[in-house]
Amino acid sequence: MIAAPLVALALAGIAAAVPAAPPQPTATNPQCSFWQGVRDRFINEIFLGVCAQDVHSMVRISFHDAIGFSLHSDKGGGADGSMIKFQDVELKFPANEGVDFIVSFLQPFADDVGISYGDAIMFGTAVGMSLCPGAPRLPAFVGRPDATRPAPDKTVPEPQDELSTIFARMADAGFSPTELVHLLASHSMASQAGVDPSPPLLGAPFDSTPFDFDSQVFLEVMLRANSFPAGGSGANLGEDMSPLPGEFRLLSDRLFARDSRTSCAWQENALNQTAMASNFAAAFKKLSLLGQDVTKLTDCSELIGTPPPAKNAQAFFPAGTSHDLIEQACATQLFPTTLSTVAGRATPIPVVQLQDCPTCPTFKRRA
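Because the structure is a prediction, the values reported are computed rather than measured.

Conventions and cut-offs
Residues numbered from 1 in each chain as written. Predicted model: local features only at pLDDT ≥ 70, side-chain atom pairs only at ≥ 80, totals over all residues. Heavy atoms only, no water. Helix = DSSP H or I, 4+ residues; strand = E, 2+ residues; numbered from the N terminus. Rg over C-alpha atoms; globule rule 2.2 N^0.38 Å. Buried < 20%, exposed > 50% of the residue type's maximum accessible area, 1.4 Å probe, protein only. Contact = heavy atoms within 4.5 Å. Areas by Shrake-Rupley, 256 points an atom, 1.4 Å probe, with all protein chains shown as cover. pLDDT = per-residue confidence, 0-100. Phe/Tyr/Trp six-rings, centres within 6.5 Å; stacked < 30°, edge-to-face > 60°. Core = buried A, V, L, I, M, F, W, Y, C linked by side-chain atoms within 4.5 Å. Salt bridge = Lys/Arg side-chain N within 4 Å of Asp/Glu carboxyl O. Lys, Arg positive; Asp, Glu negative; His and termini not counted.

Section: the overall build of the protein chain
Across its full length, the protein chain carries twelve helices and four strands. Taking 367 residues into account, the globule formula puts the C-alpha radius of gyration at 21 Å, and the protein chain, at 19 Å, falls close to it. In terms of its C-alpha atoms, the protein chain occupies a principal-axis envelope of roughly 55 × 45 × 40 Å. Taken over 367 residues, the protein chain has a buried fraction of 60%. Considering only contacts in the protein chain between residues 6 or more positions apart, those separated by 24 or more positions represent 80%. Of the roughly 13600 Å² of accessible surface on the protein chain, a fraction of 56% belongs to carbon and sulfur atoms.

As for the confidence of the model for the protein chain
Looking at the protein chain as a whole, the pLDDT averages 91, with 91% of positions reaching at least 70. Taken as a whole, residues 4-19 scores under 50 in pLDDT and shows 86 contacts with residues more than four places along the chain or in a different chain.

Some words on the environment of alanine 257
When you line up the elements, alanine 257 lands in helix 10 (residues 251-258). When its relative accessible area of 2% is taken as the criterion, alanine 257 is described as buried. Distance in space between the C-alpha atoms of alanine 257 and glutamate 327 is 8.9 Å, their sequence separation being 70 residues. When residues no more than four places from it in sequence are discounted, the contact partners of alanine 257 are Val221, Met222, Ser263, Trp266 and Ala329.

Let's talk about the packing of aromatic side chains
Inspection of every chain in the model, using the stated rule, returns twelve aromatic pairs. An angle of 25 degrees between the planes, with centres 6.4 Å apart, marks the rings of phenylalanine 206 and phenylalanine 248 as stacked. Note that phenylalanine 206 is positioned in the loop between helix 8 (177-183) and helix 9 (216-221) and phenylalanine 248 in the loop between strand 2 (239-240) and strand 3 (249-250), a separation of 42 residues in sequence. By relative accessible area, phenylalanine 206 is classed as buried at 3%. Among the aromatic residues, those joined into a cluster by ring pairs are Phe34, Trp35, Phe42, Phe47, Phe109 and Phe123.

Thoughts on helix 7 (residues 163-172)
Three- or four-residue spacings in an α-helix give side chains the same orientation, since the helix completes a turn every 3.6 residues. Regarding helix 7, the residues found buried are Leu163, Ile166, Phe167, Arg169, Met170 and Asp172. Buried residues along helix 7 sit in contact with helix 2 (53-66), helix 8 and helix 10. Just downstream of helix 7 lies glycine 174, where phi reads positive at about 100 degrees.

Remarks on the nonpolar core
As a rule of thumb, nonpolar side chains are buried together in soluble globular proteins. Ranked by size, the top nonpolar core spans 96 residues in total, and within it Phe42, Phe123 and Met129 carry the most contacts. When sequence neighbours within four positions are dropped, the list of residues in contact with phenylalanine 123 reads Trp35, Val38, Arg39, Phe42, Ala140, Val142, Leu303 and Ile304.

Notes on unusual backbone geometry
Most peptide bonds take the trans configuration, and most residues that are not glycine carry a negative phi. The amide bond that connects glycine 234 to the next residue, alanine 235, takes the cis arrangement and shows omega of 10 degrees. Assignment of secondary structure puts alanine 235 in the loop between helix 9 and strand 2. Phi at leucine 48 takes a positive value of approximately 55 degrees, unusual for a residue other than glycine. Assessed through its relative accessible area of 37%, leucine 48 is described here as partly exposed. Residue lysine 154 is not a glycine yet carries a positive backbone phi of 75 degrees. Structurally, lysine 154 is set in the loop between strand 1 (141-142) and helix 7.

Notes on the environment of leucine 180
Relative to the helices and strands, leucine 180 is located in helix 8. Take leucine 180: its relative accessible area is 0%, and that puts it in the buried class. Separated by 100 residues in sequence, leucine 180 and phenylalanine 280 place their C-alpha atoms 9.3 Å apart.

Comments concerning the pattern of salt bridges
Following the criterion strictly, the structure yields 13 salt bridges and no others. Among the charged side chains, a network of salt bridges with common partners joins Arg41, Glu45 and Asp112.

Brief notes about the side chain of aspartate 253
For aspartate 253, the location among the structural elements is in helix 10. Among buried Asp, Glu, Lys and Arg side chains, aspartate 253 stands out as unpaired, with arginine 249 the closest opposite charge at 7.3 Å.

Structure (structure tokens):
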């Protein structure tokens, strides 16, 4: 998740067929009863019951909104919904290119339901991720007050930034390089919008399984690259070559996978789906509470359903690749030779498609 650029937690979404949402938990805490209805409306009206583009756009805005925070100076109020409340300011920042797409859904939805924009972002993200195969159950705290000021520009790292610059910005918000890698598990469902402006590459995915929250992106970023995606204008600022036709790679991701400060955490995510999901959940909880007094919030995590299991328990080498292409960087553990390899020749990975929100025009905005 880093910018329009980095996290490209992107405009283009996932239009794969996904089973209908399973039955959802019932509130036992009376303070969460109202939120049970909000959850159901998110599932039915925003996400349409599937893990698709709108879920990923929610994950993206959750990072971009919350990272407007600093332990040492005023860089915004953290997870407060300022990106919606002050959209006339924050959506003009280059790093937030494309976030207006989900804001156009979320603002009228939140107004119609009667919740703060910060809660709409963070609670909605937890609900949406519960629809995604392989994802963890995310914590869901509610009761955030409305934002009182916009976050300034340059709080969201971009893929062309030096790693030291990215690590410094994340440390200023309270996150270590390893925690940043844990947050980047969101790239397992991501696709690009804005790094390469070419229309054919809108929605070019970051890995070969863009419909699942799995370890594949971490493995594939470790592979030696050979070309830019066909139909694009690469090399673009913040873009790197990729190993598979149709796959898009961010420059920052390649560097994270090969830098001594992050390479072992990156490799761990490539090799352990369970740890990847668990680590993301912990990092997301921390992100979702930035700038908030947790004693004034209500924990309604009981309302978040259990996501479907991962389709692949372990990452694999896609057709046309092999262990020989791994660019080993972690100095303490060799990449194992036991992962399976799909037979055959590499085939182009198609772009993922936009997801509409047919009910959104009926939402009422606040007067």
